[in-house]
Amino acid sequence: MPIRELWRKGKLRISPPQDPIHITHVAVDCETGEYSGLPKEWQEILCNHQPDDEESLKRVLDILNFYKN
């Protein structure tokens, strides 16, 4: 039986997360626009990323804005 059909009939149940842990908290300094609390791996990606075109730069900015909000 397809998953959608099981879901509609109420035979498929998805439980909520069990004991989630909040590990990362990223903050933005409103005056400087700098981020703090980024994991080391994220910092390396952002620092080493050299956007080669407008689309790449837009993607990086979209990601940063997503986490900013």
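1. With respect to the overall build of the protein chain
Right, on to step 1. Broken down by element type, the protein chain carries 3 helices and 2 strands.
Right, on to step 2. What you see in the protein chain, going N to C, is helices and strands ordered as α-β-β-α-α.
Right, on to step 3. Relative to its length of 69 residues, the protein chain is extended, with a C-alpha radius of gyration of 19 Å against a globular reference of 11 Å.
Right, on to step 4. Projected onto the principal axes, the alpha-carbon positions of the protein chain cover approximately 50 × 30 × 20 Å.
Right, on to step 5. Burial statistics for the protein chain: of 69 residues in total, 9% are counted as buried.

2. So, the environment of E44
Right, on to step 1. Along the chain, the position of E44 falls in helix 2 (residues 40-48).
Right, on to step 2. Each C-alpha atom, one on E44 and one on L57, is 16 Å from the other, the two residues being 13 residues apart in sequence.

3. A few points about the confidence of the model for the protein chain
Do not read the fine detail of predicted coordinates wherever pLDDT is low.
Right, on to step 1. Taken as a whole, the protein chain shows an average pLDDT of 81; of its residues, 94% reach a score of 70 or greater.
Right, on to step 2. For the protein chain, the element scoring lowest by mean pLDDT is helix 1 (residues 3-8), at 80; strand 1 (residues 27-28) scores highest, at 85.

4. Let's talk about unusual backbone geometry
Right, on to step 1. Look at D19: it is not a glycine, yet its phi comes out positive at around 50°.
Right, on to step 2. In this fold, D19 is placed in the loop between helix 1 and strand 1.

5. Concerning the environment of E55
Right, on to step 1. Among the secondary structure elements, E55 is positioned in helix 3 (residues 54-68).
Right, on to step 2. Along the primary structure E55 and T32 are separated by 23 residues, whereas in three dimensions their C-alpha atoms are 24 Å apart.

6. Some words on helix 3
Right, on to step 1. Over its 15 residues, helix 3 extends 21 Å from the first C-alpha to the last, a length consistent with the 21 Å expected when each residue adds 1.5 Å.
Right, on to step 2. Buried residues along helix 3 sit in contact with strand 2 (35-36) and helix 2.

7. Some thoughts on the environment of R13
Right, on to step 1. Looking at the element boundaries, R13 is found in the loop between helix 1 and strand 1.
Right, on to step 2. Sequence separation of R13 and K68 is 55 residues, and the distance between their C-alpha atoms is 33 Å.

Quick notes on the rules
- Residues numbered from 1 in each chain as written.
- Predicted model: local features only at pLDDT ≥ 70, side-chain atom pairs only at ≥ 80, totals over all residues.
- Heavy atoms only, no water.
- Helix = DSSP H or I, 4+ residues; strand = E, 2+ residues; numbered from the N terminus.
- Rg over C-alpha atoms; globule rule 2.2 N^0.38 Å.
- Buried < 20%, exposed > 50% of the residue type's maximum accessible area, 1.4 Å probe, protein only.
- pLDDT = per-residue confidence, 0-100.
- Expected span 1.5 Å × (residues − 1).
- Contact = heavy atoms within 4.5 Å.

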